[in-house]
Amino acid sequence: MRALQSLLQALFLRAEGLFNAAFGDRLNPLYRLGEITFFLFWVVAVSGLYLYAFFETGVGAAHASVEAITHRQWFAGGVLRSLHRYASDAMVLTMLLHLLRHFAFDRFRGYRWFSWITGVVLVWLVYASGINGYMLPWDRLAQYASVAVFEWLDALPIFGGALMRNFLYPASVTDRFFSLLSFLHIGLPLFVLLLMWVHVQRVPKARTAPPRPVAAGLLVALLLLSLLQPALSQGGPADLRQAVAAVDLDWFYLALLPLMVAWPLPQVWALAGAGTALLAILPWLPRGRRGREAEHQVIVQGSAGAEAQLRVRAGETLLDAGLREGLALPYECRNGACGLCRCTIAQGTVSHRPYQPSALPDALRAQGQALLCCAVPQEDLVIEVHAPLQPAQVPPPVVHTGRIDAMEKLAPDVMRLWVALPWGERLAFSAGQYIHILLDDGQRRAFSFASPPGGSERIELHVRRIPGGRFTGHVFDGMRVGDPLRFEGPLGRFTLREGQAPLLFVAGATGFAPVKSILEDAFARGLHRPLHLYWGVRRPQDLYLQDLVQGWAREHANFRYVPVVSEPLPDDHWPGRTGLVHEAMLADFPQLAGHEVYVCGSVRMVDSAVRDFLARGLDEQSCFSDAFVPAAQPA
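Residues numbered from 1 in each chain as written. Predicted model: local features only at pLDDT ≥ 70, side-chain atom pairs only at ≥ 80, totals over all residues. Heavy atoms only, no water.

Q: Describe the sheet that holds strand β5 (residues 369–371), listing the residues and the values that go with them.
A: With mixed pairing, five strands are arranged side by side in an open sheet as β2-β1-β7-β3-β5. Two strands in the sheet have a free side with no partner beyond their single neighbour: β2 (307–312) and β5. Each neighbouring strand pair of the sheet contributes to a mean axis angle of 35°, computed without reference to strand direction. Where strand β1 (residues 296–301) meets β2, six bridges bridge the pair, whose relative direction is antiparallel. Bridge pairing in β2 links H296 to V312. (Pairing = 2+ DSSP bridges. Helix = DSSP H or I, 4+ residues; strand = E, 2+ residues; numbered from the N terminus. Axes fitted to C-alpha atoms, helices over the stretch in contact; angles between N-to-C directions.)

Q: Go over the sheet that holds strand β13 (residues 484–491), please, and point to the residues and values.
A: Sheet architecture is open: six strands sit in the order β11-β10-β13-β8-β9-β12, paired in antiparallel fashion. Strand pairing shows two members of the sheet lacking a second neighbour, β11 (444–448) and β12 (458–464), which therefore form its edges. When strand polarity is set aside, the average angle formed by the axes of neighbouring strands in this sheet is 40°. With seven bridges joining them, strand β8 (residues 398–411) and strand β9 (residues 414–420) adopt antiparallel strand pairing.

Q: Help me get a handle on the packing of helix α2 (residues 33–54) against helix α8 (residues 212–228), residues and values and all.
A: Relative to each other, α2 and α8 sit at 45°, their axes nearing to 11 Å. When the axis of α2 is compared with that of α8, the two are oblique. Once α2 is placed against α8, the crossing between them reads as right-handed. Of the residues in α8, those touching α2 at I36, F39, L40 and V43 are V214, A215, L218, L219 and L222. (Parallel < 35°, antiparallel > 145°, perpendicular 65-115°, else oblique. Left-handed = near helix turned anticlockwise from the far one by under 90°. Contact = heavy atoms within 4.5 Å.)

Q: Please provide a residue-by-residue account of the environment of R493, values included.
A: Position of R493 among the secondary structure elements: in the loop between β13 and β14 (503–508). Here the alpha-carbon distance between R493 and A431, two residues 62 residues apart in the chain, equals 9.5 Å.

Q: I'd like a description of the packing of aromatic side chains, backed by residues and values.
A: This model, assessed by the stated rule, comprises 28 aromatic pairs. Ring geometry for W138 versus F178: centroids 5.6 Å apart, planes at 70°, classification edge-to-face. Placement of W138 in the loop between α5 (113–135) and α6 (140–154) and of F178 in helix α7 (residues 175–199) is noted, with a sequence separation of 40 residues between them. The burial state of W138 is the same as that of F178; both residues are buried. (Phe/Tyr/Trp six-rings, centres within 6.5 Å; stacked < 30°, edge-to-face > 60°. Buried < 20%, exposed > 50% of the residue type's maximum accessible area, 1.4 Å probe, protein only.)

What follows is the structure, encoded as structure tokens:
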């Protein structure tokens, strides 16, 4: 079992990394499977209520009423019938992926047994409700499903063949019996909803609604599928005088039906029962080499001297334990991708569940850092977090609407945008923070402030063109002065800390933008600490504000600037430093103890730099980074 889990973990981590690159960890659907399942349930419920309002529950009128809904009001009933079917299929898919992911990452033991068992029951209830739904149109597919399922149920001694008597002749299916099937299609989903609520009760701070962009994108995709491939009845009305020769099955729900026809029915019961029993006993099967986890005590030291004590249950992560106790801990994805829940293990040891390497580079883990959402105590702990610990309502980011006030092409692939706020409005932010540009479909693109704080009605952004980039392509090809721009913020914690240590800034390409904001704010405040900027680019022309930075060096005695070009051409006649920017800094500062380092650039650049900096004596508490992942438009 461990080998299977390891294989599934590798597959999930690979897929999650690809989705993170495409959508960001906040909108990664693989981190939102439970939330998406709740959303799909409501799509199924709302569309089903509309269909039920026009559905005739008598056996003689059922097929005709479904056809009328589908074809006479295709614009509503026909689309909603297809939406009902495809949302139901998607719900099965997300439920099974959710179950498989929890199995892969061993998240079904200990206190999680309750959610696991209720989840297994939910899977069967959803299947029962869906198969029941396929009986209601009373077409040839409904006939095939009804006969196969009720023959299967009749194999149980408790029924003794009584159920199949309702399907011997056309007159055997009475209106009363068919109305019972119809009412089951209301009662089963209500029980599913109740059990879904029970299912999440032991999950601390469980979320039951996906982010709006995820929900909107999913709904649009389902509607498009409904329009392009409508769900239709098959073969005309059911006729029990003739056996069904061929139908197209919905394999999400009806995969067992061919086995019910081809196999002896007791064998089908044995297969279903054995599979269910195996799932049910998984939480209590031996772990193998991992050993038995136990309950531990954890002391959490927060900011401003705050301290709390936690009881962490066997197999529970530090984040789940903290949220269960009501602590205000930083987190977002809960799946080891965003890195917001990073903490420091001051005493004791933890085991880590799998996570994305970008969230916790090996160098930081070697220095004693851990992810609250993935760390499971192996003994009593003392941990340090940058959080107030006391429960607090964190206000959502404020949404602003500005307009493009000016545009300046600083380099062939870099555009400077000046965004003007409405008259009289000021945006309070700290140097080094960023905003999210809000696209029409709800997607977000992060850009750092390049201007210093200070009450200006305009903010400065540096936008680098990304091949295939949806927003950056629009900036270069379609954006005009006067265009509106919606954004939310300020966000982020890449800000200058108070202290006396010399400051080293390492910027890659447009990672210069937040560093520019920090440096201009430092100059304005009269900061006297030594300031060193290493700005790395591929070609000399990529140093798009070279004159400005050289002017800083002339005007401020405590500031030193070193540009580094990684791929100069002979025609560039570049006289300066070459190679990787962080290696150029290490050549000048081989020992980093006693310094503070701020590094901003691509994920690969930041990870390499942080690892090498810590190896040269930099204290992990003095290393601050801001990595960005370009978002390209999917093909």
